[in-house]
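A look at the structure
Each chain, letter by letter, is given below.
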Amino acid sequence: MAEKTCELFEAGHRACGGCGAALAARLVTKAAGTDTIVVSSTGCMEVFSTPYPETAWKVPWIHSLFENAAAVASGIEASLKKQGRSEKVVIMAGDGATFDIGMISISGAFERGHDFTYVCYDNEAYMNTGIQRSGATPYDASTTTSPAGSCSMGNKRPKKDMPQILAAHGAPYVATASIAYPADLLQKIERAIKTKGPCYIQLHAPCCTGWGFEGEQTIAVAKLAIETGLWVNYEMVDGKITKVKKVVRKPVEEYLKTQKRFRHLFKPKRQDAEIALIQAIADKNAEKYGIDIKLKKE
Amino acid sequence: MALAIGCRARPGKARDNRTGSWRVFRPIYDDAKCSRCGMCRTICPEGCITEDAEGRFVPDYAYCKGCGLCAAECPKDAIEMKQEEK
Amino acid sequence: MMQMLEGSLAVAEAVKMSRPQVVSAYPITPQTHIVEALAEMVANCELDAEYITVENELSALSACVGASAAGSRTYSATTSQGLMLMAEVVFNAAGMRLPIIMSIANRAMGAPLSIWNDMQDSISLRDAGWLQFYAEDNQEATDLHYLAYKVAEDHTIQLPAFVCFDGFILSHTYEPVDMLTQEEVDRFLPKFTPYQRLDAADPISFGMYATPEYYPEFRYEMDKALRRSRDLIAKAGKEFGTLFGRDYSALVEGYRLDDAETAIVTMGSLGGTVKDAIDEMRAEGKRVGQLKIRVYRPFPAEEIAKILSHVKCVVVLDKNISLGSKGAVGLEVRDALYGSGIPVRNVVLGLGGRDVRKRNIREIVTQTEKGVGELFYGLRTEVL
């Protein structure tokens, strides 16, 4: 039986105070247990957890490159199979490594059907190199390569729908989760690990430094993403949505206002048209996933 | 001393880096308000909060970075962030 | 047992008998016959390995990195464009000290696109920290795989290795090859015992990052291991000779060199053509000999300086060009002979599959004796 009481991601790591990714690493390893091999891509988590000779990982862990975690995991899984070993393979990669540079290797590995769980800790930009936009950066977010300016409202494109892409590969289990709901996350990780084949979990993990809010607000901000409908927690089994977290929705500006990356939508003047476009993204999510709790009064 | 081949290491050394020195605000627990729910332990990004024999949750100040997440998320407002005195 | 085999099939047989546990490769001309043959062996249960059909070369070698770290003997094969696509992983695998063996069916680099042979691909990755073996014929191409596994996996080395042989010229040519039996290979090549592996029972972090306080020492350790592999190659090569009659203990090999005045330095299949040309020139009274480099990394500078100490002049044939400079082997041979006063001429030839014949070799020797001739040999006259 996997040991689940002790910390498998140790204190002493060099993440910022209030780091969502560090909490993600802790919770994912806790759910996965000791009988796990973790594969990391290059990125913030890899760097803050393993400056030689200090490793925060108490499970076997490997980092090779930025774009190849899924291929490295494929090799590990094949090797374990050949040796008749029981360890589970869990990938922990950022959104840049997942949505952008690692896309080919992920597609190949999911198509081949290796037995692993791929966790994308999604902080919606390249944080390690200094907050550049990725395919996971939301609409209008200001990053260092999609800065808001006199003729720019920040990132011009909405998030890529990665879970849908991997479900289309035939992944038996795909889920989204948030560090703001640890119990739900732990259950999803356990389920993914138990499910044979390539499973994908996209984990919303706010970055206080990159998004521009105080470290104590990490969970509050993550919760607001869910409560406004800009992030939806759901499960997909064999490509069909089976479970969705429902909410009494708040207006998106309650989420946007908490972060400096959206400050240009409110200062120097309020950008009502842009806020309405972001509200429309949330409304579309609500309709697509059916997240709205209908109050009796209405 | 020879280096570990291939830049590898066994666990244990991370704890040499005592991140408590980063702290500006220190979480102080009000035992009377605490409901023992354990939320602070669950969401601590350092994983440095443990439960003692009496069921109280205790942060390890050697590693606590003072981020204040525990105080912000405590459902009973039982944790207060107090400025460190140097 | 002597068999008439295509180079690729002979290599595939040798790989099979080396018992890799995970094979991961992507098809590319002229390597394809090897990976097709291995897939067939797996399909027919002749090879008990996991065969991963990856989506590109970068993932081919990445999967080997994972499998090797998890504790399996691994194998891949590629060439040219494929090797360059995996270049980042090539450096990475060496730095992570994983003893992966990869066959390189040497091919030119585009553009212009060329599927034909030269050595620009593997030579361009000479600095990556892999051992590099070069085969003259299909016999060597097969035997060097056993040697590569044995040396690379030694716990004092822990570095990956290329086994290079000329695309088409060897990979697609039928030659008589003395194939070892499985029992013989097993006698020479022990079961794979990883130095360390990813293992829940003993968790280790692989591939951490190094700050400036540590990084240079990791490079130093790699360099030391690569240099150390010289002795291991000598030992294993000698053992191979004792067991099977073909001694690979020398990193370089001389042919009619003892009383030679002019030495021709070669790598790969060119060696055979040069030997024939030397026999002709010898019959005419010319004192010409050959030095063949079988191991390019680690570079056998001392061996070269010693074996060439008596010659009057050296000509190095390079099937590659460091554009804007010279042929890579020529530069290093000149460095090895620095201070000896022996003049070294560098000739770049055979690029992109251009045929090199005996008469070309004879002409190059004549030019060298007269002190004429350019870096590039045998170009179409309209560019001159």
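Bear in mind the structure is a predicted one, so any value in this text is a computation, not a measurement. (Residues numbered from 1 in each chain as written. Chains lettered and ligands numbered in written order. Predicted model: local features only at pLDDT ≥ 70, side-chain atom pairs only at ≥ 80, totals over all residues.)

1. Points about the sheet that holds strand 12 (residues 288-293) of chain C
All names here are of chain C. One open sheet accounts for 5 strands, arranged 10-12-11-14-15; its pairing is mixed. Both edges of this open sheet fall to strand 10 (252-255) and strand 15 (344-348), since each of them pairs with a single strand only. Adjacent strand axes in the sheet meet at a mean angle of 20° when their direction is disregarded. Pairing of strand 11 (residues 262-266) with strand 14 (residues 313-318) involves 4 bridges; the strand directions are parallel. Opposite Ile 264, over in strand 14, you have Val 315 as the bridge partner. Contacting strand 10, strand 11, strand 12 and strand 14, helix 10 (residues 270-283) runs over the sheet at an angle of about 165° to strand 12. (Pairing = 2+ DSSP bridges. Helix = DSSP H or I, 4+ residues; strand = E, 2+ residues; numbered from the N terminus. Axes fitted to C-alpha atoms, helices over the stretch in contact; angles between N-to-C directions. Contact = placed C-beta atoms within 7 Å.)

2. Some points on the confidence of the model for chain C
Overall, the predicted model of chain C reaches an average pLDDT of 98, with 100% of residues at or above 70. Predicted complex metrics record ipTM = 0.97 and pTM = 0.97. (pLDDT = per-residue confidence, 0-100.)

3. A few points about the interface of chain C and chain B
Listed by partner, the interface residues are 17 residues for chain C and 8 residues for chain B. Counting only elements with at least two residues in the side of chain C that touches chain B, the list comes to strand 9 (205-206) and helix 9 (215-244) of chain C. Broken down by element, the side of chain C that touches chain B gets its largest block of residues, 3 residues, from helix 9 of chain C. Across the side of chain C that touches chain B, the residue classes tally to 9 nonpolar, 5 polar and 3 charged. (Nonpolar A, V, L, I, M, F, W, Y, C, P; charged D, E, K, R; others polar.)

4. A closer look at the domain arrangement of chain C
Residue and element names in this part refer to chain C. Once the domains are mapped, chain C shows domain 1 (2-244) and domain 2 (253-383). Relative to domain 2, the C-alpha centre of domain 1 lies at a distance of 27 Å. Mapped onto the side of domain 1 that touches domain 2, the elements with two or more residues apiece are helix 6 (120-124), strand 6 (131-134), strand 7 (161-166) and helix 9. With 5 residues, helix 9 is the largest single contributor of residues to the side of domain 1 that touches domain 2. Taken together, the residues of the side of domain 1 that touches domain 2 break down into 15 nonpolar, 6 polar and 7 charged. (Domains from an automatic or database assignment.)

5. Side note on the pairing of strand 7 of chain C
All names here are of chain C. Strand 7 sits mainly inside the fold: 6 of its 6 residues count as buried. In strand 7, alternate side chains face the same way, and those of Ala 161, Val 163 and Phe 165 on one face and Phe 162, Cys 164 and Asp 166 on the other are all buried. Looking at chain direction, strand 5 (residues 101-106) and strand 7 are connected through 6 bridges and run parallel. Bridge pairing in strand 7 links Ile 104 to Cys 164. Sheet topology note: the strand 6/strand 7 ladder contains 4 bridges and is parallel. Bridged to Leu 131 within strand 7 is Ala 161. For the crossover that starts at strand 6, traverses helix 7 (residues 138-153) and ends in the parallel strand 7, the hand is right-handed. (Buried ≥ 20, exposed ≤ 12 C-beta atoms within 10 Å, placed from the backbone. Right-handed = clockwise from strand over helix to strand, strands pointing away.)

6. Regarding the interface of chain A and chain C
Contact residues are listed per partner, giving 36 residues for chain A and 37 residues for chain C. Of all elements in the fold, only strand 1 (36-40), strand 2 (61-63), helix 3 (69-83) and helix 5 (103-112) of chain A reach the threshold of two or more residues within the side of chain A that touches chain C. For the side of chain A that touches chain C, the leading source of residues is helix 3 of chain A, giving 12 residues. The residue makeup of the side of chain A that touches chain C, split by class, is 17 nonpolar, 14 polar and 5 charged. Here strand 2 of chain A runs beside strand 9 of chain C; their pairing, made up of 2 bridges, is parallel. Across the sheet, Ile 62 of chain A pairs through a bridge with Phe 206 of chain C, a residue of strand 9 of chain C.

7. Let's talk about the pairing of strand 7 (residues 173-178) of chain A
Residue and element names in this part refer to chain A. Strand 7 sits mainly inside the fold: 6 of its 6 residues count as buried. Where burial is concerned, the two faces of strand 7 agree: the one with Tyr 173, Ala 175 and Ala 177 and the one with Val 174, Thr 176 and Ser 178 are both buried. Note: strand 7 against strand 9 (residues 234-237), 3 bridges, orientation antiparallel. Each bridged residue has a counterpart across the sheet, and for Tyr 173 the counterpart in strand 9 is Val 237. Read as a crossover between parallel neighbours, the route from strand 7 over helix 7 (residues 182-194) to strand 8 (residues 198-204) is right-handed.

8. Quick word on the sheet that holds strand 1 of chain A
With mixed pairing, the 9 strands of this open sheet are ordered in space as 10(A)-9(A)-7(A)-8(A)-4(A)-3(A)-1(A)-2(A)-9(C). Pairing within the sheet leaves two strands with one partner each, and these edge strands are strand 10 (240-244) of chain A together with strand 9 of chain C.

9. Quick word on the environment of Ser 171 of chain C
As for its placement among the helices and strands, Ser 171 of chain C is situated in the loop between strand 7 and strand 8 (174-178). Beyond its immediate stretch of four places on either side in the chain, Ser 171 of chain C contacts Gly 7, Ser 8, Pro 30, His 33, Ala 105 and Phe 165 of chain C.

10. As for the nonpolar core
Residues Ala 21, Ile 76 and Ile 91 of chain A together with Phe 133 and Ala 148 of chain C are the most contacted members of the largest nonpolar core, which totals 238 residues. At 9 residues, helix 1 (residues 20-32) of chain A tops the list of elements feeding residues into this core. Both domains that meet at this core, namely domain 1 (2-244) and domain 2 (253-383) of chain C, each give it at least three residues. Not counting chain neighbours up to four residues away, the residues in contact with Ala 21 of chain A comprise Ala 15, Cys 44, Met 45, Tyr 121, Asn 123, Ala 205 and Cys 207 of chain A. (Core = buried A, V, L, I, M, F, W, Y, C linked by C-beta atoms within 7 Å.)

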